[in-house]
Amino acid sequence: VQLTPKDFSDLLEFSKSLAKSAGEVIRSGSKAILQDGAVDEKKNSVDLVTEWDVKVENLVKGEISKTYPDFKFIGEESYSSGDRPTLSDDPTFCVDPIDGTTNFVHGFPFACISIGFIYKRQPTIGVIYNPFLDQLYYALKGHGAFLEVPGYSNPLRLPISKARPLESLSQALLGVEWGSDRRASVIQKKANSFVRLAGDSKEVLGGKMVHSLRSMGSAALNYSTVAQGGLDSYWEIGCWPWDVCAGIVIALEAGCYVTGSKQYFLAHRDEEPLDLVDWDELLWGRKYIVIRAIADTATEKGRDTQRRLVEDFYNTVE
Ligand code: IPD
Ligand code: CA
Ligand code: CA
Ligand code: CA
């Protein structure tokens, strides 16, 4: 399928308005769930799902199939119920109906709908909407990333804060997540990584400490917050494509560096731009680092800094 620039701007507008209507449903669901919430568990007692996750996904899936009947759909709840398309060359929507279900269940106002669109295997459109804060993040590949937020009549171009040049992880405010894999061995490893980052251990970061760690409870909102400039970086193991697809587009368009483990080694070895590396691996590889723009990535020094930050990560975590 060959899509034109007009098709892409229509797809972006469609996704934005779909995200807004899905957001309305999430917001009304929140009231209901906080009053008498029926919450189910998926793989364990911290992997939560509600009727609203399914309702929102059905709404989004239905609207997409009305407007774009030939396009494929990957969504968390469809996937959970056995509908598991693989990534192909077909235009594909990749949707997380509620990212941050744990927050949603607790009334912690960081949850969102995340709508990604993949064209020729590349994440191409990303829309992330947090209905509690009425914040709409969006990007179309090649056209920048934006935030619509109450109080501003025009969309804000991301990043909205000036890039403090991030020379070392020790200057960073980092997004990290506990995830839902709570096997003792796994969670201990994560906790160790967090301690190494936050503490003054002499073995890592030359004895320096990151400014602090934050857990927002939504992969998509971690991505958009790095893109915005509110976090310097986000690291997680264990995401799914619907957690990150939209976020990848928004972060890249805001000038961030996005990498999975294999990506990094590929890029490191061959100096390939991210565009040439393996998106299947990035989407399904489930291991991510997003780092906000380094002030001068165009220069050799800037690229060295970026490479060192990623190396520091891999030396510090896991
Ligand atoms: C989860 C959230 C969480 C992240 C997990 C995701 P869900 O998604 O994004 O922050 O740590 O990896 O699975 O289940 O709320 O859609
Ligand atoms: Ca989930
Ligand atoms: Ca998710
Ligand atoms: Ca979800």
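## Some points on the packing of aromatic side chains
Within the structure shown, the criterion is met by 16 aromatic pairs. Three or more aromatic residues joined by ring pairs form one cluster here, namely F14, Y68, F71, F93 and F117. Across the ring face of Y138, the terminal group of K16 is positioned such that the distance to the ring centre comes to 3.9 Å. Its guanidinium or amino end placed over the ring of Y79, R84 lies 4.1 Å from that ring's centre, counting from NZ or CZ.

## What about the packing of helix 6 (residues 219-228) against helix 7 (residues 241-253)?
Where helix 6 meets helix 7, the closest approach of the two axes is 8 Å, and the angle between their N-to-C directions is 5°. Considering the angle they form, helix 6 stands roughly parallel to helix 7. Between helix 6 and helix 7, the residues in contact are A219, A220, Y223 and A227 and D243, V244, G247, I248, I250 and A251, respectively.

## Remarks on the environment of I74
Residue placement: I74 occurs in strand 3 (residues 72-75). Here the alpha-carbon distance between I74 and G116, two residues 42 residues apart in the chain, equals 9.5 Å. Beyond its immediate sequence surroundings of up to four residues, I74 is in contact with P85, L87, T92, F93, C94, V95, W242 and W284.

## Quick notes on the coordination of the calcium ion (ligand 4)
The calcium ion (ligand 4) binds to the protein through E76 (OE), D96 (OD), D96 (OD) and I98 (O), with metal-donor distances spanning 2.2 to 3.1 Å. In the primary structure, the donors to the calcium ion (ligand 4) are separated according to the pattern E-x19-D-x1-I. Here the calcium ion (ligand 4) and the calcium ion (ligand 2) are spaced 3.8 Å apart, with E76 acting as a shared donor. Taken as a pair, E76 in helix 3 (residues 76-80) and D96 in strand 4 (residues 92-99) lie far apart in primary sequence, 20 residues in all. D96 matches E76 in its accessibility class, with the two residues each being buried.

Reading the values: the criteria
Residues numbered from 1 in each chain as written. Chains lettered and ligands numbered in written order. Predicted model: local features only at pLDDT ≥ 70, side-chain atom pairs only at ≥ 80, totals over all residues. Heavy atoms only, no water. Phe/Tyr/Trp six-rings, centres within 6.5 Å; stacked < 30°, edge-to-face > 60°. Lys NZ or Arg CZ within 6 Å of the ring centre and 35° of its normal. Axes fitted to C-alpha atoms, helices over the stretch in contact; angles between N-to-C directions. Helix = DSSP H or I, 4+ residues; strand = E, 2+ residues; numbered from the N terminus. Parallel < 35°, antiparallel > 145°, perpendicular 65-115°, else oblique. Contact = heavy atoms within 4.5 Å. Donors = N, O, S within 2.8 Å, 3.2 Å for Na, K, Ca; no water. Buried < 20%, exposed > 50% of the residue type's maximum accessible area, 1.4 Å probe, protein only.

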